[in-house]
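Spelled out from the first residue to the last, the chains are:
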Amino acid sequence: MHVPQSDQSSGFSVSTDSSSEAGPSSLLLDKLGRSNGLANGSSFAAPMANGSTKCSSVGNGVAKHSSIARVSLPGTTLYQDPYVNREEFVRLVIQSLRDVGYIESATTLEAESGYSLEAPEVSEFRQYILNAEWPRAEALLPRLVADDESLWEALFLIGKQKYLELLEARRITAALQVLREQLAPLSANSSEQLHALSSLIMCSDAQELYRRALWDGASVASRQALLADLQEFIPSATMIPQRRFTTLLTQARHYQRERCTYHNAPMNPASFSLFCDHHCDKEDFPRITTTILHVHTDEVWNVAWSHDGLRLASASKDKTAIIWRIAPDGHPRDRECVVEFILRDHPYPVGALAWSLDDSILLTSADNLIMLWDTKNGKCITTLDSHMETVSALVWLPDGSGFMSASLDRKVVAWEPSGKLMDEWPGVPIRVTDMAVTPDMRRLIVIGMDYHPTGLSSDGLPAWGVSRESPPASGVAAGSNVHSPPGNRIVIYDFKTKVTEQSIATEGELTSVKISSDSRFALVNHAPDAVHLLDLNDGHMARKFTGQRQRQHVIRSCFGGVDGNFVVSGSEGDYRNVYVWQRDTGILLEVLSGHGNGSVNCVAWNPKNERMFASCSDDCTVRIWEPLPLPSETSVSVPPSITDVTMNGKGKGRVYSPWDDGSGDGEAQS
């Protein structure tokens, strides 16, 4: 906004060598025209180098500008760009300068440009809110909001903050007065909200109040949050949203990230510069086999990284699981890859794997058995025999409070970390082939086959598998009906209540499910030849990834990359490749060859190293994939075969592969 005419005769004397006069607002003269304490102690010591601004220091440490010439520019837009308003741009720069502490520079820019950051009443309103001067803030608010409805909602928010602060201070009588005289009239159409606020009076202490009200207390942070909420009702041209320039830069970074096909870099100043557009080089993407792990003597069906990214577990048809230690740093040629333990005591082939949150326990499944292993010594802690058929899924709960198992016997079981039975749900309507819990622990997703609906449970509530609403997933099962004959299903449960949110019929078999880090999407391997990205909020297919082959075998996919922005899957039979798609667009980016005969059964991305993932195959090997080493480092000799693994399970199990572009069709080396 332009400085009002009346302000131009205030404390600053404005130079008249320009055709029109300008100067900062009187509010900024009085409140902001002072040093931030970072330059020479208290004030400018000398005129600026270009001679356009003169400053004199005064005894109290406040620098007063004796003469600032306003720069008069033609037009109202920035440069020749017709879309950027100059006043808006300059005001955002002023706000940004103040945010980082350059108060004198911001004041100078106001005077030189003729634009002030905001009207005096806006600055006063901010201070009233931050200082909890509620009557003054409420009196000033009608001059800022656009209409009566917005005024009522804004007054309610101020009253709510006032009410909570009074409760925190245990001024119950004053809080009740605010509730009755201010909040009740303003919430006539929202009795539930008023009831919730009134119930807070019963809080026994401040901690309970914080928890129940989801509130931070009478602090600067909560009042800043109130200002952000009030911003919705005040025109942005009147009160600029806080740190608006930062918001615009963040939007620009996200835009560049979305346009970066191989984006795999964290959001930090090292990877995002204001001086150039962001771009991730394809050569930095993990598409080269740097290490081949070959100790298993039969098909490898599953791999899973520990949460610290330093160990990898593999499960095989040879009735063993192996814990590998993968050194995190260094050139692949020099990196240590050691077999820590070979877990040999499985009576059947090993299928499922799951690490505890602290990586101290590894779960494995062998047919209907679940085995808990101490990862510090490789010994079996206990064996659980609760399921009647093959255990197809093992999942540790995100909060570490226990784990869950699922089986083809239509049972989902919850266990304590020690292996003690916690709960059991026998009413699952499908033979479960995989299962996942969302990171926020709001939902449990099970997938499987041979759907048979069940009735109400003994307590009269819908049992697991009975859906109150079961719409078919758009694009997942075209033409399917939730009451169709037994078939393949995705069943989404409310984790806390165990009530079915959605039951989605599909035409093909389902073999794997993984959940995105934001708990919104499920990645489901779906025969024939597809991987589906399912929106858990509405049950619709957000994207379909194709190109790989899947017909009869269990293929497991995963999210990958620093933001989970890649989808990676193995493939079946003669295709024997690893497929990588861009998650947001569905574009197939890479087809990575290298595994020998048979299916690539599972892929797993390292949770701590965004430039590394593992795959396993029927060729008895596990491959580690990383970016191509630097040209000066690509001369690598292939060492001899693996040394023998000792009886206690320790020894080396590593074979290197010469660097190539992934186009080779070579067998696993041994």
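All of these numbers come straight from a predicted model, not from anything done at the bench.

## Remarks on the pairing of strand β25 (residues 566-569)
Part 1 of the reasoning: Burial along β25 is two-sided: the face carrying F566 and V568 and the face carrying V567 and S569 are both buried.
Part 2 of the reasoning: Bridge count for strand β24 (residues 557-560) against β25 is four bridges, and the pairing is antiparallel. Residue pairing for β25: S557 is matched across the bridge by S569.
Part 3 of the reasoning: Hairpin connection from β24 to β25: five residues lie between these consecutive antiparallel strands, with G561 at a positive phi of about 95°.

## Topic: the environment of A393
Part 1 of the reasoning: Looking at where A393 falls in the secondary structure, it is placed in strand β12 (residues 391-396).
Part 2 of the reasoning: Expressed as a C-alpha distance, the spacing of A393 and V432, which sit 39 residues apart in the sequence, is 7.9 Å.
Part 3 of the reasoning: What A393 contacts, discounting residues up to four positions off in sequence, is A352, M404, S405, A406, D434 and M435.

## A short note on the sheet that holds strand β14 (residues 412-415)
Part 1 of the reasoning: Pairing within the open sheet is antiparallel, and its four strands lie in the order β12-β13-β14-β15. Among the strands making up the open sheet, the edge pair consists of β12 and β15 (421-425). Recorded for the sheet is a direction-independent mean angle of 15° between the axes of neighbouring strands.
Part 2 of the reasoning: Of the pairings in the sheet, the one linking β12 to strand β13 (residues 403-407) comprises five bridges and is antiparallel in character.

## Looking at the side chain of E118
Part 1 of the reasoning: With respect to the helices and strands, E118 occurs in the loop between α3 (103-113) and α4 (120-130).
Part 2 of the reasoning: The exposure class assigned to E118 is buried, which follows from its relative accessible area of 4%.
Part 3 of the reasoning: Polar side-chain contacts of E118 include one of 3.0 Å to the side chain of S123.
Part 4 of the reasoning: Separated by 3.2 Å, the side chains of E118 and R126 make a polar contact.

## Remarks on the packing of aromatic side chains
By convention here, two paired aromatic rings are described through the distance between centres and the angle between planes.
Part 1 of the reasoning: For the structure shown, the criterion picks out eleven aromatic pairs.
Part 2 of the reasoning: Taking the centre distance of 6.2 Å and the plane angle of 20° together, the rings of F566 and W605 count as stacked. Taken as a pair, F566 in strand β25 and W605 in strand β28 (residues 600-605) lie far apart in primary sequence, 39 residues in all. Each member of the pair, F566 together with W605, is buried.
Part 3 of the reasoning: Here the aromatic cluster, defined as three or more aromatic residues joined through ring pairs, consists of Y262, F285, F566, W605, F613 and W625.

## Observations regarding the confidence of the model for the protein chain
Part 1 of the reasoning: Per-residue pLDDT for the protein chain averages 81, and the proportion of residues at 70 or more is 79%.
Part 2 of the reasoning: When the criterion is pLDDT under 50, residues 631-670 qualifies, and its contacts beyond four places in sequence or with other chains add up to 102 contacts.

## Thoughts on the state of the cysteines
Part 1 of the reasoning: As enumerated under the stated definition, the model contains zero disulfides in all.
Part 2 of the reasoning: Unpaired in this structure, C280 has its nearest cysteine sulfur neighbour in C260, at a distance of 3.8 Å.
Part 3 of the reasoning: By relative accessible area, C280 is classed as buried at 11%.

## Remarks on the sheet that holds β24
Part 1 of the reasoning: Ordered by their spatial adjacency, four strands build an open sheet running β24-β25-β26-β27, and the pairing between neighbours is antiparallel. In the strand order of this sheet, the two ends are held by β24 and β27 (588-592), each with one partner. In this sheet, adjacent strand axes meet at a mean angle of 20° when their direction is disregarded.
Part 2 of the reasoning: Of the strand pairs in this sheet, β25 and strand β26 (residues 578-582) are connected by four bridges, and their pairing is antiparallel.

## Some thoughts on the pattern of salt bridges
Part 1 of the reasoning: On inspection of all chains with the given rule, the structure shows 24 salt bridges.
Part 2 of the reasoning: In this structure, R212 engages E208 in a salt bridge whose closest nitrogen and oxygen atoms are separated by 3.6 Å. Of this pair, R212 and E208 both sit in helix α9 (residues 206-213), four residues apart, which is roughly one turn of the helix.
Part 3 of the reasoning: Here E389 ties to R431 by a salt bridge, and the two come within 2.6 Å at their closest N and O atoms. Of this pair, E389 sits in the loop between β11 (379-384) and β12 while R431 is found in strand β16 (residues 431-437), placing the two residues 42 residues apart along the sequence.

## Some words on helix α7 (residues 172-186)
Part 1 of the reasoning: Its 15 residues give α7 an end-to-end C-alpha distance of 20 Å, which sits within 8% of 21 Å, the value for a rise of 1.5 Å per residue.
Part 2 of the reasoning: At L179, α7 shows its maximal kink, close to 35°.
Part 3 of the reasoning: Among the residues of α7, A175, V178, L179, Q182 and L183 are the ones counted as buried.
Part 4 of the reasoning: Residues of α7 that are buried make contact with α5 (134-140), α6 (148-168) and α8 (191-199).

## A short note on the nonpolar core
Part 1 of the reasoning: Core analysis: the biggest nonpolar cluster contains 22 residues, and F125, I129, L141, V145, I158, L230 and I234 have the highest contact counts within it.
Part 2 of the reasoning: Elements with a minimum of two residues in this core: α4, α5, α6 and α10 (220-230).
Part 3 of the reasoning: The element that contributes the greatest number of residues to this core is α4, accounting for five residues.
Part 4 of the reasoning: Each residue touching I234, except ones within four places of it in the same chain, is listed here: F125, L141, L144, V145 and M239.

## Section: α6
Part 1 of the reasoning: The end-to-end C-alpha distance of α6 is 30 Å, a good match for the 30 Å that 21 residues give at a rise of 1.5 Å each.
Part 2 of the reasoning: Between a side-chain oxygen at the N-terminus of α6 and the backbone nitrogen of E149 the separation is 3.2 Å; the capping residue is D147.
Part 3 of the reasoning: Among the residues trailing α6, R170 stands out with phi positive, at a value near 60°.

## Considerations on the environment of Y493
Part 1 of the reasoning: Structurally, Y493 can be placed in strand β18 (residues 488-494).
Part 2 of the reasoning: Along the chain, Y493 and I445 lie 48 residues apart, while their C-alpha atoms are 6.3 Å from each other.

Rules behind the numbers
- Residues numbered from 1 in each chain as written.
- Predicted model: local features only at pLDDT ≥ 70, side-chain atom pairs only at ≥ 80, totals over all residues.
- Heavy atoms only, no water.
- Buried < 20%, exposed > 50% of the residue type's maximum accessible area, 1.4 Å probe, protein only.
- Helix = DSSP H or I, 4+ residues; strand = E, 2+ residues; numbered from the N terminus.
- Pairing = 2+ DSSP bridges.
- Contact = heavy atoms within 4.5 Å.
- Axes fitted to C-alpha atoms, helices over the stretch in contact; angles between N-to-C directions.
- Polar contact = N/O pair within 3.5 Å; in protein donor to acceptor, adjacent residues only side chain to side chain.
- Phe/Tyr/Trp six-rings, centres within 6.5 Å; stacked < 30°, edge-to-face > 60°.
- pLDDT = per-residue confidence, 0-100.
- Disulfide = S-S within 2.5 Å.
- Salt bridge = Lys/Arg side-chain N within 4 Å of Asp/Glu carboxyl O.
- Expected span 1.5 Å × (residues − 1).
- Bend = angle between axes of the 7 residues up to and from the residue.
- Core = buried A, V, L, I, M, F, W, Y, C linked by side-chain atoms within 4.5 Å.

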